[in-house]
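# Structural description and commentary
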Protein chains: 8
Amino acid sequence: MNEKNLRELLSRFRAGEVSEDQAVATLKNISLTAVEDLGFASIDHQRELRQGFPEVVYAAGKTKEQLRAILRSLYERSGGNLIATRASLEQYEFVRAELPMMSYDPTARMIYLDRDSTVERDEERMILVVSAGTSDMPVAEEARLTAHLWGNHVKTCYDCGVAGIHRLLNHLDDIQKANVLIVVAGMEGALASVVGGLTARPVIAVPTSVGYGASFHGLAALLAMLNSCASGVAVVNIDNGFGAGVMASKINSVRN
Amino acid sequence: MNEKNLRELLSRFRAGEVSEDQAVATLKNISLTAVEDLGFASIDHQRELRQGFPEVVYAAGKTKEQLRAILRSLYERSGGNLIATRASLEQYEFVRAELPMMSYDPTARMIYLDRDSTVERDEERMILVVSAGTSDMPVAEEARLTAHLWGNHVKTCYDCGVAGIHRLLNHLDDIQKANVLIVVAGMEGALASVVGGLTARPVIAVPTSVGYGASFHGLAALLAMLNSCASGVAVVNIDNGFGAGVMASKINSVRN
Amino acid sequence: MNEKNLRELLSRFRAGEVSEDQAVATLKNISLTAVEDLGFASIDHQRELRQGFPEVVYAAGKTKEQLRAILRSLYERSGGNLIATRASLEQYEFVRAELPMMSYDPTARMIYLDRDSTVERDEERMILVVSAGTSDMPVAEEARLTAHLWGNHVKTCYDCGVAGIHRLLNHLDDIQKANVLIVVAGMEGALASVVGGLTARPVIAVPTSVGYGASFHGLAALLAMLNSCASGVAVVNIDNGFGAGVMASKINSVRN
Amino acid sequence: MNEKNLRELLSRFRAGEVSEDQAVATLKNISLTAVEDLGFASIDHQRELRQGFPEVVYAAGKTKEQLRAILRSLYERSGGNLIATRASLEQYEFVRAELPMMSYDPTARMIYLDRDSTVERDEERMILVVSAGTSDMPVAEEARLTAHLWGNHVKTCYDCGVAGIHRLLNHLDDIQKANVLIVVAGMEGALASVVGGLTARPVIAVPTSVGYGASFHGLAALLAMLNSCASGVAVVNIDNGFGAGVMASKINSVRN
Amino acid sequence: MNEKNLRELLSRFRAGEVSEDQAVATLKNISLTAVEDLGFASIDHQRELRQGFPEVVYAAGKTKEQLRAILRSLYERSGGNLIATRASLEQYEFVRAELPMMSYDPTARMIYLDRDSTVERDEERMILVVSAGTSDMPVAEEARLTAHLWGNHVKTCYDCGVAGIHRLLNHLDDIQKANVLIVVAGMEGALASVVGGLTARPVIAVPTSVGYGASFHGLAALLAMLNSCASGVAVVNIDNGFGAGVMASKINSVRN
Amino acid sequence: MNEKNLRELLSRFRAGEVSEDQAVATLKNISLTAVEDLGFASIDHQRELRQGFPEVVYAAGKTKEQLRAILRSLYERSGGNLIATRASLEQYEFVRAELPMMSYDPTARMIYLDRDSTVERDEERMILVVSAGTSDMPVAEEARLTAHLWGNHVKTCYDCGVAGIHRLLNHLDDIQKANVLIVVAGMEGALASVVGGLTARPVIAVPTSVGYGASFHGLAALLAMLNSCASGVAVVNIDNGFGAGVMASKINSVRN
Amino acid sequence: MNEKNLRELLSRFRAGEVSEDQAVATLKNISLTAVEDLGFASIDHQRELRQGFPEVVYAAGKTKEQLRAILRSLYERSGGNLIATRASLEQYEFVRAELPMMSYDPTARMIYLDRDSTVERDEERMILVVSAGTSDMPVAEEARLTAHLWGNHVKTCYDCGVAGIHRLLNHLDDIQKANVLIVVAGMEGALASVVGGLTARPVIAVPTSVGYGASFHGLAALLAMLNSCASGVAVVNIDNGFGAGVMASKINSVRN
Amino acid sequence: MNEKNLRELLSRFRAGEVSEDQAVATLKNISLTAVEDLGFASIDHQRELRQGFPEVVYAAGKTKEQLRAILRSLYERSGGNLIATRASLEQYEFVRAELPMMSYDPTARMIYLDRDSTVERDEERMILVVSAGTSDMPVAEEARLTAHLWGNHVKTCYDCGVAGIHRLLNHLDDIQKANVLIVVAGMEGALASVVGGLTARPVIAVPTSVGYGASFHGLAALLAMLNSCASGVAVVNIDNGFGAGVMASKINSVRN
């Protein structure tokens, strides 16, 4: 039942063509589907919240034709930013032939459209992405670019693993200025605890699959981060830079 | 080197008793320890940030004498709230004999002192604790009481597991009003994904060890939450209600 | 919004006290909560389906006072059978003092009330519970009693492990007559595959934690059952006799 | 010993050519092999049950020549449907050159022959396949096509993950009409619990290997489904769409 | 159908009271149960093989009344040795009150009856039990006593862990004379590989749960033994001294 | 010190050129290396035992040049059978160009030389290789060919998985005649327990990596076999057909 | 063959009572056992090295009578220090009644005798034990006391977890002076990497079972330490303070 | 603040342009970054220690252009040895075109420059690398070459697995002369315990991923080594030959 049907029912009820019992029965049967057509609150609310938020596509496992069709549709239907995560260069080149306005970040493996040129990024609410080694960069960049496209002011501090603690301490200023921190580390994942001890702000920890042997594809870093002795640290899935970027963006826009 | 030593050095340098080279050499050798004596910025900054935040003790594994000594010291030294987590009733009764102002919450297993009576809890920044089953209550209550003692306005929505989705949907209003959400669930941990899909706010997921057999003491819920298909969900350790309460509090106080 | 509010709104709309736009706006805001007040179909439907089905309480982790209060309430409110699973003898004795009509099965560890005396058990739809060893009996009996209280005709075939295949083959007749089969086994869990190969009916496999060493508390049996080379085998959690009993009951009552 | 031998023995016994002791000795030695030649009940019974059921081949790991030979033999010997699961397009093209009546479903990766055109599919016994994301489609389609070739009326509800619960609730009607449900989900596998809470019918849960990082190739979804807080949920192996299709078919044809 | 029924059928068939078709039909329906009554070959064969072999009861998890009843029955019915494994001293004392001929080995935790006094133990077919540390003795003794009661000549070589390889080499003579070897070790389980390299005879490896931390209750030793670089090593379950004793006994009595 | 040196020492001692103390000192210092040159007993003993046993090379990970060089050397030096396990067809073709007497079994992936034509295989000591499915054949054939080249009489019974128990029971005769049994199975590995219950002879169980999902590359079958409820079953590493063949051969040649 | 036998053989050889061939044959058969009787070098060498090193007993799992007997024997036979690890207070009190010279450290759970009063501890070769939290103290103290009784100069730096990095940096002086470092940490085990980055000396990392939930009894810390991004870190078993103390002592006494 | 700034501040202070309070305030604010500019002790100290130590690059995952650029820079900036670990032949050939002085070891997969020709290797401080099988050679060679380039005298003892203990005992002399030992083994990893029992010196154990099936990519060897019954054994990550080489080098250069 959409709004037109609803108005029709009300008219016919007022006109006496539909009895009260009939109207009640019909209205009681409004299915959850109908509720959505009427503007299901959580949906509307979400849409409202989403203003200025990117539409997101998970490119991995999609054919280049599928990906291009989805991006074209989103491009035409939406006025905001677009993101396709885990996209290959080959996928991008196919997409670009038809959608030349799309950009590609090969490190973050993201196809994106950054057309929200009027965003005023709030430097007071800076998100800092800290990563341990150069091999962690793809995940860190995925987090950074996601948070950037969500409208945040983002800074980075890469290659700051704990084995050379002074490299990290050199960035103490940014660490203590940041409103939200994303810590990206593989191997033993110790960076999350150390950074967590240097700030009073929330830290999103992203374990990466960087390592070999007993890193078990990121399990070692994941367990380490979950057991962090620093409070104010929460963890997302292994290699989930995108998820960390979204979480940090959501934290950065809580009411205040 | 403390401030007195530093002033002495400067005096002797001005008096010509210490050459410039000697002064430079000494100042270059300021150890990190000395830096702290001079007022190591990150420490001071943290202290400043901690104003109004509780002092926290992990009671498990401490004797009742140790616990009482620590709480007495904190009580006398600090003006804010106090928390001892994972405390037994027996520990509390021993503590109370000497520190009668301490309270105890047997479900959350916390000894606490809530003397920060002037806190104005901001209802606009409500934290909602959602839990799946009655067995998850100790962890949920630990999160709730922690966030409360941190000065937040906290509401709860317990026994809202996904097997009866309507029970959860009955609380849609609170879910959508909350500024930050804590979701506590054992068994299959599905609640985090469902709640994550109903809000645009950040969700802290707490897996619990509730369950048996293939729950493997909370592992099933932990993995489920890390793999949540909803974005904006981050995870803390199994049964770590305290950690979730702190994380939510930190999120709730980011700059704005 | 309940039915009374709805009728009131319609009256006021017909009376012109509420404009069409106002009525539309109000009706569009019917929350999911309201939908339930109007008689949310899935709920009603479920209630209808539940006729004759037991009310179930998970006794483990509840105090005897809590358990007794819940059972008393269910006893007074419901006219059907009652089940409290994982109940201790001590819990039962406390409950019985006030609710003497309750029975207890010490092997299945269930408190129950079987007052549905008019059930005609359909022998054509026999559920067969097969178990491997005597140590698996508590789980097997939990499944049997659950299916019995759900109104099924249940037979058992215990101590039929595959190491003596002839013991199992002696029950071939029952195995092939059964409408649904529950197979309960610990250690290597091979029984599920063997039984699955002897029947064309659905088999519910229940791994148990019986075993030691590399059984890893039921993991060996669980993995074996999930990898069964027989088709028509599905698995429930380790030691979950109750869940198997419910699943078999639901299968036994699909439309026909 | 086949029936001819048996009749011969009896004739010779009656004719006095074989003494009673000899006959008893021979008959006591009827081996299990002989029993089968005589028509071993369980086998016959199974054959009878199998009427109208497809013959099934697991194509993975077989050469295209082997696969073609088996399918040719089954085609000539059997009058019913045929299925080859986990078959590649290359295998199909090789098979089709000789067996042009064979069809191929590239999503379900199945070669099949659907020659049972007279099946009357019972709409009252509808099987519903619900899946979480588009990446779960190969497994979901394998389940759907299997149940279809087994003679069932099958409907689908794809891309209904729990992170957008309204998408699922839009299909509430089908969910509640279905006689048996198959739920296919990777990542956190929460869909099984939510669907299980919306129906009184049996649910077969299929974890998929969709996901990355801490999904550990489907382990997260598997554990979640085994720990489902909804009753009436049983689980098959990771990615085992075929097994779910068979299990649902067997449930759908229990006695009634 | 037992032999008497069979003879009756044959008589009536010869007497013409039963037609050939009826006789065939009846004989074709001989169930597997009947086959056993007629003397199901594998059963008889096993019984024959079992002459002189002990009857075995798994005492763990049985009440002392159950255990005594089973042992009494076995004592009266069987003429050979008896074994109850994993029996407590308390169980033994209860049993002994009624069955004073039973013995108890507190290290091996076995109640046993060794009444087969005429056994001539073949020294040429010596079984050697080698163990790593004193903590492995309960498992080693369970293996030794089992093999002894099976009628073997058994020797032992305890506390011969690989960290002091000379202790092991001091027993080289026995190691090379043994017909079958049982190697019992916890912690890193290296002993199985070293012994396997010093003999051309089959080695049964028994991992024990001795150790702590990353021994994970015997998993480390289990994996080590399964990966032994020595050929001619096979493994039984963690702490399964009884199983190793039986396996060695069976090896020791293969045809020759 | 080799034999020549030893004789020299003795001569010079007898000639008085070396005092008793010097001789004792020298002989006490005989290093373990020297012991071997003298004919280190365990080594000699092993060599003696090895008469008629194949020399074995693990081909995987070796270059074809390395493999050919090793096989050429073994061919020239040894008079018995030769085995190269896990060899590719490509490796074989390279080897054959120079060593045309070598054979290749593509299923067992073994290059071998069977020149021990005078072996009289003892039918009374038959080794039976039982396997569950056709996918297990490479491992089963590796076991069979290994045991054959070791001089045993070997029979096979393939595709006898427990889901169709009658297929296995059809081979009951061979199962009960076999002196040693090798059971090869992937997926749930139940075959080992069933076969173990049908024989009194030792069973070597070989889990295979056949399966998918929760088979975890053979872990499910491995755990099942280790937990076998049948006694007289011991287990080798996943896919280790060669190891099972050697173990069975060693069992088959214990003293008697 | 002992020295007396050897001299006898040589005498008889010189006297012509034994031919050269006989002498050679006998000497070739010198078993490894005999080698030891002659004074097997590695054994002697080890004894020599052990001078001044403690004799060690693992008390856990021993009765108090057994423990006392072993300690009495060691006390009488050895002149050096004694250690019994994992000893309870109850064990100690029983031992002390007869051996009053024994001491007990309740935190390290060690009974010990420190009678090597002449040790000159080399301050240049200081061993530093760093631990993360107060709960790690039993393991840290076991390491400290072990290294002390081995004759080392040992210092400690406790409660220096990485969440408050300044606490650790306050001890930078000791960290950089230490010759060998032992790092003891549970939870996420990050301390090993941070300390490893602050020193050029070898670091022995000891994971502890301190933590809960996803620490999995020390697994998280173990994996973290094995994956340390700092070089010069090696790991011992979970909670193995004794092993770390021995390893550090051995490192501290390498040749120089 | 660098040294120039510091001198300027002191001049202005002496000149009265800056008050004592201002100077103290400024000096108190010396950040950790500034400390480094002034010559942060731990850094300098580390640099000093590093004299003669190689600069190390992890080549895996770097493009050949990146690798060449880094090596060129290190070559020009540093006067010592250079190491690039896990480098492919292709990477090397690209590098060599521009940097012809670089060498390559294909087994150890290392590009290196050994220009420290004046090193006097101390034979008294020999490092011995022991490995189990030929497949372990790449890891063993990585350890050997690393320790060699660090300036050590290194010997090797390869293919000495425990299944043929005499091969190892033949090297007893080297084992007992070595100052530090590195033991490299896959499969069951037993070699570490055996070698640990033959020396009083520290042993660094390196598990390798050599093996199949239940070796789980090195997990079996890792767990075995962590549980070694020999004391004085510590473990590095699976396949981490480089880490073992560094650890041994650091042990070999502790103070003395």
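What you are looking at is a predicted structure, and each value in this text was computed from that prediction instead of being measured.

### Brief notes about the overall build of chain A
The secondary structure content of chain A amounts to 12 helices and nine strands. Within chain A, the proportion of its 256 residues that are buried is 59%. Considering only intrachain contacts with a sequence separation of at least 6, the fraction spanning at least 24 residues in chain A is 70%. When the accessible area of chain A is evaluated, it comes to approximately 9,400 Å², of which 46% is carbon and sulfur surface.

### Details of the relation of the copies chain G and chain A
Mapping chain G onto chain A leaves a residual RMSD of 0.8 Å; the transformation is a rotation of 178 degrees accompanied by 0.3 Å of translation along its axis. The transformation relating the two chain copies, once decomposed into turn and shift, fits a two-fold axis. Closest to the rotation axis within chain G is the C-alpha of Ala190(G), separated from it by 2.3 Å. Take the interface residues of chain G: 100% of them recur as interface residues in chain A, which is what a same-surface contact looks like.

### Re the domain arrangement of chain A
All names here are of chain A. Under the domain assignment, chain A is made up of domain 1 (37–113) and domain 2 (123–254). For domain 1 and domain 2, the distance between their C-alpha centroids amounts to 25 Å. The partner domain 2 presents 12 residues to the 16 residues of domain 1 that form the contact. Carbon and sulfur atoms supply 68% of the area buried between domain 1 and domain 2, which totals about 1,200 Å² over both sides. Looking at the side of domain 1 facing domain 2, the largest losses of area belong to Phe53, Arg86 and Thr107, adding up to 33% of the total buried there. For the interface between domain 1 and domain 2, the tally reads two salt bridges. A salt bridge links Arg86 to Glu142, with the shortest nitrogen-to-oxygen separation between them at 3.6 Å.

### A few points about the pairing of strand β6 (residues 154–157) of chain F
Residue and element names in this part refer to chain F. Relative to β6, strand β5 (residues 127–131) runs parallel, the two being bridged by four bridges. From the neighbouring strand, Ile127 faces β6, where its bridge partner is Val154. Once the chain exits β5 it traverses helix α7 (residues 137–149) before rejoining the sheet at β6, and the crossover so formed is right-handed.

### Describing the pairing of strand β8 (residues 203–207) of chain H
Residue and element names in this part refer to chain H. In terms of residue burial, β8 counts as a mostly covered element, since five of its five residues are buried. Taking every second residue as pointing to the same face, both faces of β8 are buried, with Val203, Ala205 and Pro207 on one and Ile204 and Val206 on the other. Alignment of strand β7 (residues 180–185) against β8, held across five bridges, turns out to be parallel. Of the residues in β8, the one forming a bridge with Leu181 is Val203. Once you follow β7 into helix α10 (residues 191–196) and on to β8, the crossover reads as right-handed.

### Structural notes on helix α7 (residues 137–149) of chain H
Residue and element names in this part refer to chain H. Given a rise of 1.5 Å per residue, 13 residues ought to cover 18 Å, and the 18 Å separating the end C-alpha atoms of α7 matches this to within 8%. With 10 of its 13 residues buried, α7 lies for the most part within the structure. Along α7, the positions that sit buried rather than exposed are Val139, Ala140, Glu141, Glu142, Ala143, Arg144, Leu145, Thr146, Ala147 and Leu149. Just beyond α7, the residue with positive phi is Gly151, at close to 100 degrees.

### Examining the interface of chain C and chain D
Listed as interface residues are 40 residues of chain C and, on the opposing side, 40 residues of chain D. For the pairing of chain C and chain D, the buried interface totals around 3,700 Å² over both sides, and the portion due to carbon and sulfur atoms is 58%. Seen at the junction of chain C and chain D, the total is zero salt bridges. The tally of links between chain C and chain D comes to seven residue pairs in polar contact (both at pLDDT 80 or more). Here the side of chain C that touches chain D takes five residues from helix α4 (residues 41–50) of chain C, the largest share from any one element.

### What to know about the sheet that holds strand β2 (residues 82–85) of chain G
Residue and element names in this part refer to chain G. Strand order in the open sheet made by the four strands is β1-β2-β4-β3, with mixed pairing throughout. With partners counted over all chains shown, the strands left at the sheet margins are β1 (55–58) and β3 (103–105), one partner each. This sheet shows a mean twist of 20 degrees between the axes of neighbouring strands, independent of strand direction. With three bridges connecting them, β2 and strand β4 (residues 110–113) associate as antiparallel partners. In the strand pairing of β4, Ile83 is matched with Tyr112. Docked against the sheet, helix α7 (residues 137–149) engages β2, β3 and β4, running at close to 15 degrees with respect to β4.

### A few points about helix α6 (residues 89–98) of chain D
Residues and elements named next belong to chain D. For α6, the full list of buried residues reads Gln91, Tyr92 and Val95. In a view along the axis of α6, the buried residues occupy a sector of 95 degrees, so they form one face of it. Turned more than 90 degrees away from the buried face of α6 sit Glu90 and Ala97, all of them exposed. Check the buried side of α6 and you find it contacts α5 (64–77), β3 (103–105) and β4 (110–113).

### Structural notes on the relation of the copies chain C and chain D
Mapping chain C onto chain D calls for a rotation angle of 179 degrees and an axial translation of 0.2 Å; the resulting RMSD is 0.4 Å. Looking at chain C, 100% of its interface residues are interface residues in chain D too, so the copies touch through the same face.

### Section: unusual backbone geometry
A positive phi angle, near 55 degrees, is found at Arg109(B), a position not held by glycine. Take Arg109(B): it is sitting in the loop between β3 (103–105) and β4 (110–113). With relative accessibility at 28%, the residue Arg109(B) sits in the partly exposed group. Not every positive phi belongs to a glycine, and Arg86(G) is a case in point at roughly 50 degrees. As for its position among the elements, Arg86(G) is in the loop between β2 and α6 (89–98).

Procedures and definitions
Counting of residues starts from 1 at the beginning of each chain's written sequence and follows it residue by residue. Chains carry letters from A onward and ligands carry numbers from 1 onward, assigned in written order. Selection of residues for local features in this predicted model requires a pLDDT of at least 70, selection of side-chain atom pairs for listing and counting requires 80 or more, and totals for whole chains, interfaces and linings are taken over all residues. As a rule here, side-chain values come from all non-hydrogen atoms in the structure, and water together with hydrogens is ignored. Runs of H or I in DSSP of at least four residues are treated as helices and runs of E of at least two as strands, each being numbered from the N terminus. Using a 1.4 Å probe on the protein chains alone, a residue whose accessible area is under 20% of its type maximum counts as buried, one over 50% counts as exposed, and one in between counts as partly exposed. When checking whether two residues touch, look at their non-hydrogen atoms; a contact exists if any pair is within 4.5 Å. Using a 1.4 Å probe, the Shrake-Rupley method yields the accessible areas, and only the shown protein chains count as cover for residues. A least-squares fit on C-alpha atoms brings the copies together, and the residues used are those whose pLDDT is at least 70 in both copies. Residue ranges for the domains originate in an automatic or database domain assignment. Accessible area, probed at 1.4 Å, shrinks when two parts are joined; the buried area is that loss added up over both. Every case where a carboxyl oxygen of Asp or Glu lies within 4 Å of a side-chain nitrogen of Lys or Arg is listed as a salt bridge. A pair of strands is considered paired only if DSSP assigns at least 2 bridges between the two. Whether a crossover is right-handed comes down to one check: with the strands pointing away from the viewer, does the path from the first strand over the helix to the second run clockwise; if it does, it is right-handed. To estimate the expected span of a helix, subtract one from its residue number and multiply by 1.5 Å. Polar contacts, as used here, are pairs of N or O atoms within 3.5 Å; protein pairs need one atom able to donate a hydrogen and one able to accept it. Residues neighboring in sequence count only if both atoms are side-chain atoms. In this analysis, axes come from line fits to C-alpha atoms, helices being fitted only over the stretch in contact, and the angle between any two N-to-C directions falls in the range 0 to 180 degrees. When we speak of the arc, we mean the arc of directions from the helix axis to the C-beta atoms.

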